[in-house]
Every structure is written in structure tokens, then in C-alpha cells.
Amino acid sequence: MNFSLSEEHEMIRDAAREFAQSELLPGVIERDEKQQFPKELIKKMGEMGFLGMMAPTEFGGGGMDTISYVLVMEELSKIDASASVIVSVNNSLVNYGLAEYGSQEQKEKYLSKLTTGEKLGAFCLSEPEAGSDATSQRTTAIDKGDHYILNGTKNWITNGGSADYYLVIAQTDKEKKHRGINAFIVEKDWEGFEIGPKEQKLGIRGSDTHSLIFNDVKVPKENRIGEDGFGFKFAMKTLSGGRIGIAAQALGIASGAYELALDYSKQRKAFGTEICNHQAIAFKLADMYTEIEAARHLVMKAAWLKDQKQNYDLASSMAKLYASKVAMDTTIEAVQVHGGNGFVKEYHVERLMRDAKITQIYEGTSEIQKIVISRSIIDN
Ligand code: CAA
Ligand code: FAD
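All values derive from a computational prediction rather than experimental measurement. (Residues numbered from 1 in each chain as written. Chains lettered and ligands numbered in written order. Predicted model: local features only at pLDDT ≥ 70, side-chain atom pairs only at ≥ 80, totals over all residues.)

*Asks:* Go over the overall build of the chain, please, and point to the residues and values.
*Replies:* Along its length, the chain carries 11 helices and 9 strands. In terms of C-alpha radius of gyration, the chain reaches 21 Å, essentially the compact-globule figure of 21 Å for 380 residues. The dimensions of the chain, computed from C-alpha atoms along their principal axes, are 80 × 45 × 40 Å. When the 380 residues of the chain are sorted by exposure, 53% land in the buried category. In the chain, of all internal contacts separated by at least 6 residues, the share reaching a separation of at least 24 is 73%. (Helix = DSSP H or I, 4+ residues; strand = E, 2+ residues; numbered from the N terminus. Rg over C-alpha atoms; globule rule 2.2 N^0.38 Å. Buried ≥ 20, exposed ≤ 12 C-beta atoms within 10 Å, placed from the backbone. Contact = placed C-beta atoms within 7 Å.)

*Asks:* I'd love a proper account of the pairing of strand E5 (residues 181-187), names of residues and values included.
*Replies:* Extensive coverage of E5 is indicated by the burial of 6 of its 7 residues. Across 7 bridges, the pairing between strand E4 (residues 165-171) and E5 is antiparallel. Residue tyrosine 165 lies in a different strand from E5, and its bridge partner there is glutamate 187. (Pairing = 2+ DSSP bridges.)

*Asks:* Talk me through the site of ligand 1; I want residue IDs and the actual numbers.
*Replies:* Every one of the 24 residues lining ligand 1 counts as a neighbour, but Ala134, Met236, Tyr362, Glu363 and Gly364 are closest to it. Mapped by element, the contributors of at least two residues to the shell around ligand 1 are helix H5 (81-101), helix H7 (231-267) and helix H11 (366-379). Looking at the shell around ligand 1 element by element, the count peaks at 6 residues for H7. By residue class, the composition of the shell around ligand 1 is 12 nonpolar, 7 polar and 5 charged. (Near = placed C-beta within 6 Å. Nonpolar A, V, L, I, M, F, W, Y, C, P; charged D, E, K, R; others polar.)

*Asks:* Can you break down the site of ligand 2 residue by residue, with the values?
*Replies:* Near ligand 2 there are 22 residues, and of these Ser126, Gly131, Ser132, Thr365 and Glu367 occur at the shortest range. Secondary structure elements with two or more residues in the shell around ligand 2: strand E1 (121-124), strand E3 (147-158) and H11. Counting residues per element, the shell around ligand 2 draws most heavily on E3, which supplies 3 residues. In the shell around ligand 2, the residues fall into 11 nonpolar, 7 polar and 4 charged.

*Asks:* Help me get a handle on the environment of leucine 25, residues and values and all.
*Replies:* Secondary-structure assignment places leucine 25 in the loop between helix H1 (7-24) and helix H2 (28-34). Residues leucine 25 and lysine 78, 53 residues apart in the sequence, show an inter-C-alpha distance of 9.7 Å. Non-local contacts of leucine 25, meaning those with residues more than four positions away in its chain, are made with Ala20 and Ile79.

*Asks:* So what's going on with the UniProt feature "domain: Acyl-CoA dehydrogenase/oxidase C-terminal" (unreviewed entry) in the chain? Which residues, and what values?
*Replies:* Within this numbering scheme, the UniProt entry marks residues 231-377 as carrying the feature "domain: Acyl-CoA dehydrogenase/oxidase C-terminal" (unreviewed entry). Secondary structure over residues 231-377 splits into 77% helix and 3% strand, and the C-alpha atoms at its two ends are 26 Å apart. (UniProt positions renumbered as here; feature names shortened; annotations may be inferred.)

*Asks:* Please provide a residue-by-residue account of the pairing of strand E7 (residues 209-220), values included.
*Replies:* With 9 bridges connecting them, E3 and E7 associate as antiparallel partners. What sits directly across from histidine 147, in E7, is proline 220.

*Asks:* An account of H5 is needed here, citing residue identities and associated values.
*Replies:* If you check H5, its first and last C-alpha atoms are 28 Å apart, about what 21 residues at 1.5 Å a residue would give, namely 30 Å. At asparagine 95, H5 shows its maximal bend, which comes to roughly 35°. (Expected span 1.5 Å × (residues − 1). Bend = angle between axes of the 7 residues up to and from the residue.)

*Asks:* Got a sec to walk through the packing of H7 against helix H9 (residues 313-337)? Specific residues and values, please.
*Replies:* Contact geometry for H7 and H9: axes closest at 8 Å, N-to-C directions at 25°. Relative to H9, H7 is oriented roughly parallel. As for how H7 packs across H9, the hand of that crossing is left-handed. Classifying every residue of the contact of H7 with H9 by side-chain character gives 18 nonpolar, 8 polar and 3 charged. (Axes fitted to C-alpha atoms, helices over the stretch in contact; angles between N-to-C directions. Parallel < 35°, antiparallel > 145°, perpendicular 65-115°, else oblique. Left-handed = near helix turned anticlockwise from the far one by under 90°.)

*Asks:* Which residues make up unusual backbone geometry, and what are the values?
*Replies:* Notably, asparagine 159 is not glycine yet its phi reads approximately 65°, a positive angle. The backbone of isoleucine 204 shows a phi angle near 30°, a positive value even though the residue is not glycine. Considering the arrangement of structural elements, one finds isoleucine 204 in the loop between strand E6 (193-198) and E7.

*Asks:* How would you explain the UniProt feature "domain: Acyl-CoA oxidase/dehydrogenase middle" (unreviewed entry) in the chain if you had to name every residue and give the values?
*Replies:* The UniProt entry lists residues 122-217 under the feature "domain: Acyl-CoA oxidase/dehydrogenase middle" (unreviewed entry), expressed in the numbering used here. For residues 122-217, helix accounts for 0% and strand for 50%, while the C-alpha atoms at its two ends are 17 Å apart.

*Asks:* Break down helix H4 (residues 66-79) for me, with residues and values.
*Replies:* The end-to-end C-alpha separation of H4 is 21 Å, in line with the 20 Å expected for 14 residues at 1.5 Å each. In terms of burial, H4 is a largely internal element, 14 of the 14 residues being buried.

*Asks:* Break down the nonpolar core for me, with residues and values.
*Replies:* Nonpolar side chains tend toward joint burial in soluble globular proteins. Ranked by size, the top nonpolar core spans 111 residues in total, and within it Phe184, Val299 and Ala323 carry the most contacts. In terms of residue count, the dominant contributor to this core is H7 (17 residues). Each residue touching alanine 323, except ones within four places of it in the same chain, is listed here: Ala247, Ala250, Leu251, Ala295, Leu298 and Val299. (Core = buried A, V, L, I, M, F, W, Y, C linked by C-beta atoms within 7 Å.)

*Asks:* With reference to specific residues and values, describe the packing of H4 against H7.
*Replies:* Where H4 meets H7, the closest approach of the two axes is 7 Å, and the angle between their N-to-C directions is 40°. Here H7 runs oblique to H4, going by the angle between their axes. Seen along the crossing, H4 lies across H7 with a hand that is right-handed. Across the interface between the two elements, Thr66, Tyr69, Val70, Met73, Glu74, Glu75, Leu76, Ser77, Lys78 and Ile79 of H4 pack against Ile244, Gly245, Ala248, Gln249, Leu251, Gly252, Ile253, Ser255 and Gly256 of H7. Its residues placed into classes, the contact of H4 with H7 shows 9 nonpolar, 7 polar and 3 charged.

*Asks:* Quick rundown of the environment of lysine 237? Include the residues and the values.
*Replies:* Structurally, lysine 237 can be placed in helix H7. Sequence-wise, lysine 237 and alanine 247 are 10 residues apart; in three dimensions their C-alpha atoms are separated by 16 Å.

Here's what the structure looks like:
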């Protein structure tokens, strides 16, 4: 067993840390206030290689391991979770889905542009009436021989207004239930594809969340991913890896808040001493540090299992469940350590607290992670 990072991993982490400080930090409060999507930063993240980290090099990706990806996600999320969710969706849902299950033609045509940041991807599973209950897909794709006709609505889609390529899950045969679901690649400018208004959000306000409406969109058959009926398994398998990315995001939000709280507690004085000398504050820091370390171990274990090509479904759900709880608990306490300043935007912790909440909701709520975990431990 080895708990230390390789020199290469340290270099990748340090590059992401430096990027987050120099590029993400300067405008992060303004982007949050204005719900501004970081378009220019996406270009820069593409140049840094953050948008195609694990994808094969032959399709423009970095060919890196999941540990590297998790390290980058943590560093970006310490500063700007809106930017990091863009990285997460593009890497672990869209690129991974195409690299693992797409055809050679799909990889050449779509993946090679997504890995460099030239094009951006979105993953569209959730619907107004099918979130946790993901098999209840209402969006339909009717087989017309050489193409499908897509109709329906997707909800809360990250990168919804800004993506170029959308992986869309739809029901092709209702009788077959989840075995009659397929996944398709849809291009933004296709006729009948409409982007709904941008959602006004509590957190990750710099990210771009929209509903999507499909009105008789013609999707060529070659844009179906995998064999007929593979769509639900495609979504589940892809989400298993995605949950590692969101767990790393939660870890980053927690460690960002902890670092701010630690620094503040060493400077702020009350009753004649720095507040870190009051045991109530010191114990909060002790709890935060311990819980963050525990979350990091779970996240790294899940990433490691994926890199070892072992089953990581259980590990990724445990990592997401725990890291997202730690993100919520830590950010609430970080606001408390900051006192009145914790409530003020320029101190950053209030934003981290608002951003933390989404990690308990998307890519499977905490309740859904408990379903996955309990089924796994009871069945084995
Ligand atoms: N890998 C492969 N196949 C899987 C699987 C996995 N990890 N999990 C389930 N399946 C298969 C099952 O084997 C079953 O297929 P068979 O009958 O052929 O064996 C099929 O999927 C249905 O499985 P279940 O009976 O377990 O289905 P269920 O209705 O009980 O639901 C669930 C299972 C885990 C709750 C699932 O619906 C789920 O994960 N829901 C949450 C949805 C979600 O995470 N959405 C995220 C949207 S993306 C997003 O949020 C992105 C973002 O914000 C940035
Ligand atoms: P529901 O399924 O209606 O759940 C409501 C509550 O009931 C939750 O607390 C849930 O845990 C609980 N619940 C439901 N079923 C059970 C059960 N069986 N047992 C116990 N409790 C249960 N989706 C995408 O496809 N792509 C995206 O890019 C994407 N990005 C998102 C970005 C944001 C900012 C947001 C807010 C959401 C995004 N989502 C995306 C959707 C997200 O994945 C769903 O919101 C989430 O899966 C929950 O679904 P729901 O909102 O329908 O809640």
C-alpha cells in the first residue's frame, strides 16, 4: 500500500493549483453574482488539458489516470466549483462515455473535438419527471429506419446552453422498460432542438443550467451509442465514474473552506487572543481536517480502483455520499469560524457553502447513493 503521490501527480496537482489561483480566483465572485458562464476560462482550461484528461491520446486526450483527474478536480473546486463542474461533465460523463462505448467514427467526429476544448459536451439524462427515478424516461426516440425522431424535455442540464454536443438518453421501446432505452449524440444546431431559459440557482451560479426541448429532432442512426437497448446501462456505467469527479469536487469545496477557516482563525482576535486558541474553534478545525482526510481516502480509493480496472460502483457512491456530506458540514462550520465576515461575499466561504449543496443532489442524490451502497453490500 502506498499513500504518497508520484512526482508526476504532484506536478499535475501544482499546475492545477497555480491555474486556479491565477485564472479562476480573480473573477470568481463576479461570475457568481452575475451567473456568468466562464467562456474564456473554458478555452484556457482546454489549453491546460483539463477538458480531456483521461481520454485516449489518439483522440486528443491526455491519456492520464483517474488519480490525476481527481487531483485537478480538487484544486479547481477549492476556488471555483462552477468551473470544475464543467470539467467534470466534459471529462467523466461525455468524454468517458464516448471513449468507452462510442464507435470509431463517433470518436473521430466528436470525441477528438471535446478533448481539446474546441467543443463542449453535455450529458442529458434527467427530465422534469425522471430525476432519481431515471428509468422512467418520457423522452422518446422512434426508430424510422436510418434515423430516429426525438421528442421530449430534459431538465437541469449542465452546460445546457453552451455545449455543442449533447449525449441524450431516450426511450425507444416502452414495452422493454429500461432495456428499451438508448443514448444518442445530438448536435446543437439540429432542427427542432430548443434550449430553455437559464435556471436561477443557489450555487454553482457560474455554471450554465438549462432545460432542453426536442421537437421532432432527426437523429441519424449512426449517432446511437452502442447496441440497441444499451442506453440505460450506458448512463449507469458512465455515472459511476462521474460520481468520482463530483466526489472530488466536494472534497475540493471542503478543503478550500477549511484552508480559509484555518488562515482566518490564526489572524482574527477575540478576548485577547487569536480565535484558533479558543478550543471551540480549534475543535472545529480538528473535525474538518479529519473528515476531509477521510473523504480524500475514499475518493482516492475509488479513483485507484477505476485505474486498476476493478469494479468501482460501490466505491464511487461511497466517495460521493461521504465527500458531499463533508463539503456541506465543513462549509457551514467555515462560515461560523468567520463570524460576520463569513456572511460577506469577499471572504468566499458563503459561496463555498452554497456551492457545496449541489454535490448532495446531482449525479444521484445522497439517498440514491445509499440505495446503490446498500444494494451492493446486501447482495454480496
Ligand atoms: N452498471 C451497469 N448497469 C447498471 C448499473 C451500473 N452501475 N446500475 C444499474 N444497472 C442496470 C441493472 O443491472 C438493471 O439492468 P438489468 O435489469 O438488465 O440487469 C438496470 O440498470 C436497472 O437497474 P435497477 O433495477 O437497479 O434500476 P432502478 O430503477 O432501481 O434505479 C438507480 C437504479 C441506481 C436508482 C438509478 O436509477 C440511478 O442511479 N438514479 C439516479 C440518476 C442519476 O444519478 N442522475 C444523474 C444525472 S447526470 C447529472 O446529474 C450530471 C450533473 O449534475 C453534473
Ligand atoms: P427527485 O428524484 O424528485 O427526488 C426528490 C427527493 O426525493 C430527493 O431528496 C431524493 O433523494 C428523494 N428520493 C427520490 N427517490 C427516492 C427513493 N427511492 N428513496 C429515497 N429517497 C428518494 N441531470 C442531468 O441529466 N444532466 C446534468 O448535467 C445535470 N446537471 C444538473 C445541475 C444542477 C445544478 C442541478 C440542480 C441538477 C442537475 N441534474 C442534471 C439533475 C440531477 O441529477 C437531479 O436533480 C437529481 O438526480 C435528482 O432528481 P430530481 O431533482 O428529480 O429529484
